[in-house]
Amino acid sequence: MDIHTDSGTFTVHGASAVVPLNTSDYLITGTSWKLSHPWGATEYYRHGWNSWTPTRWWTLRREPWRIWDKPARALTADDAATDTPTEHHSSMVTALSGPEGRTLLIGAVHASSPLLRITAEEVAASAEAGEASWLVSIGTEPQAFGRYAGVLKEEYLGERTPLRAAETLGPVWSSWYSWFEEITAEIITAEIAPARELGYGTIQIDDGWERRVGDWRANAKFAAGMPDVFAKIHDAGLKAGLWVAPFIALPDTPVVSSYPELFLHNADGSLTVTGNNWGENYYALDFSKPQSHDWLATTMSAIQSWGVDMFKLDFIYAAAVAGERTGGMPREDAYRSGLETIRAALGDEVYLLGSGAVINASLGVLDGVRVGPDTAPYWDNSERVRDPSGPAVVNALRNSLSRTWLKPLLDCDPDVAYFRTRGSLLSPEVNALTAEAALACEFAQCSCPAAWLSDEEKAAVRAWTTRFRGAPEVRQLGRYRFEINGEIIDFDPYL
Ligand code: 9PG
């Protein structure tokens, strides 16, 4: 079937149905289908598989933009099952840029592992299991992405409206980007009074509290237990957040040693390695097995009873890594069912922020997602040249600002803003840029310990939390250009 537009004709091949919704939108069903296009080696939108996966507009005239020459990182930072060095590809959605600002978007509406492969002649759409449905939308760039978000909203947000960080969390102080794993109960409690004073609404304890990843009991640095710390946070009128990576476990944890059958296996019967961090390989729960859901629900409910208002659920992509699942359950269906188990066990009032999250398979369950790789107190990282998923401000900002079209569906966390000059290589100019990015994304988070800040820097934090609490009006004017309460902020020259 041909789709005629004022900027050329597009032909659909191999679809089982093409239903026009109006003059610019089409609903397409099919397992594997193609759309030939007249725009040649144009610009296209590359959307990464998980939170950390490289996302931006790129061009077919260059080699594919990806994590180059680093196969070991593909397992975590890209989709190892589909990534190739030779193909331009995009997960979930892509868009082509045509003449006079015309955009053609192809986005999955209902699909497991939706993948788009893009050439100068055609876009090939495929999904892992059975028939999938897709939207083709033609218009300006904001129109096409806006319609896609609208269709997804109808499809996924019917039963539950996601919580919004601006209303439920306020500005968040996170322990990660200052203390990393070196946190103690004393370090966290020392932050409570200043956090109140500086206008934060939530203190989120990141990685470093647990005995071991997969053994979710407090370690010796939190000797009085987590409920003790959370009670102190609550007594100050703040909400309490906690980092946990509930879909994965390191070897030699009680759950892996006692119940190896709960974890994803390879065809040869060995446990599937789903990534490497903390200096070790880690495994992931296999959610095609009911007992894995039982373990997850029990574990998460127990942690929630300590007094947790918000969870940062990290490394969750691991449940969607390829492996042998019962009944051939599609990997992203397994992932989604794990998130649904957490939501059912914890209720609708707890804020769930995904990190390392598979975006399409999280819609309707998570309240927010990290939309970029980790930031860092430096602009770029030369050790990680050709790794756009490596920790750096430039990588976090580029990814995050390329995903703001997701805002109608969930909160987009661009990672922390910086205000400090101590323990940082960032200039005050870049610090200010990270603070504006948080406002543009409508998710304010910072990790600067109050004791590391000068009086002037503290005043800047206070002014920023006040602006965020005032719910500034944000308008996106271009790919990287925003208007925040009437003031123009243009990230384009930096990205
Ligand atoms: C805690 C951290 C912080 C951080 C998360 C996550 O691609 N990788 O290998 C990779 C490793 C670590 C990582 C992200 C990606 O950091 O994003 O905010 O919570 O875990 O360990």
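Criteria and cut-off values
Residues numbered from 1 in each chain as written. Predicted model: local features only at pLDDT ≥ 70, side-chain atom pairs only at ≥ 80, totals over all residues. Heavy atoms only, no water. Buried < 20%, exposed > 50% of the residue type's maximum accessible area, 1.4 Å probe, protein only. Helix = DSSP H or I, 4+ residues; strand = E, 2+ residues; numbered from the N terminus. Pairing = 2+ DSSP bridges. Salt bridge = Lys/Arg side-chain N within 4 Å of Asp/Glu carboxyl O. Axes fitted to C-alpha atoms, helices over the stretch in contact; angles between N-to-C directions.

Asker: Help me out: how do you make sense of the pairing of strand 9 (residues 93–97) in this one?
Answerer: A regular strand places its side chains on the two faces of the sheet in alternate fashion. Most of strand 9 is tucked away: five of the five residues are buried. Along strand 9, one buried face is formed by Val93, Ala95 and Ser97 and the opposite face, lined by Thr94 and Leu96, is buried too. Taken together, strand 9 and the strand that follows it, strand 10 (residues 103–110), pair antiparallel across an intervening segment of five residues, in which glutamate 100 is found at a positive phi of about 50°.

Asker: How should I be thinking about the pattern of salt bridges in this particular structure?
Answerer: Side chains carrying opposite charge are able to pair once their charged atoms draw close together. Scanning the entire structure with this criterion turns up 28 salt bridges. Across the salt bridge formed by aspartate 79 and arginine 331, the nearest N and O atoms sit 2.9 Å from each other. With aspartate 79 in the loop between helix 1 (71–77) and strand 8 (88–91) and arginine 331 in helix 10 (residues 331–346), this residue pair connects regions lying 252 residues apart in the sequence. Neither residue differs from the other here; aspartate 79 and arginine 331 are each classed as buried. Among the salt bridges present, the one from glutamate 197 reaches arginine 462, with a minimum N-O distance of 3.3 Å. You can see glutamate 197 sitting in helix 6 (residues 192–198) and its partner arginine 462 sitting in helix 13 (residues 455–469), a full 265 residues away along the chain. We classify arginine 462 as partly exposed; its relative accessible area is 31%. Members of the salt-bridge network, linked through shared partners, are Arg160, Arg343, Asp348 and Asp367.

Asker: Can you walk me through the sheet that holds strand 29 (residues 487–490) in this structure?
Answerer: Two pairing modes exist for strands in a sheet, parallel and antiparallel, and in both the strands are linked by backbone hydrogen bonds. The strand order across the open sheet formed by three strands is 27-28-29, and the pairing between neighbours is antiparallel. One side of each edge strand has no neighbouring strand; the edge strands of this open sheet are strand 27 (474–478) and strand 29. On average, each strand axis in the sheet is tilted by 25° relative to the strand beside it, whichever way the strands run. One ladder, built from four bridges, connects strand 27 with strand 28 (residues 481–484); its direction is antiparallel. Among the inter-strand pairings, arginine 475 is bridged to a residue of strand 28, identified as glutamate 483.

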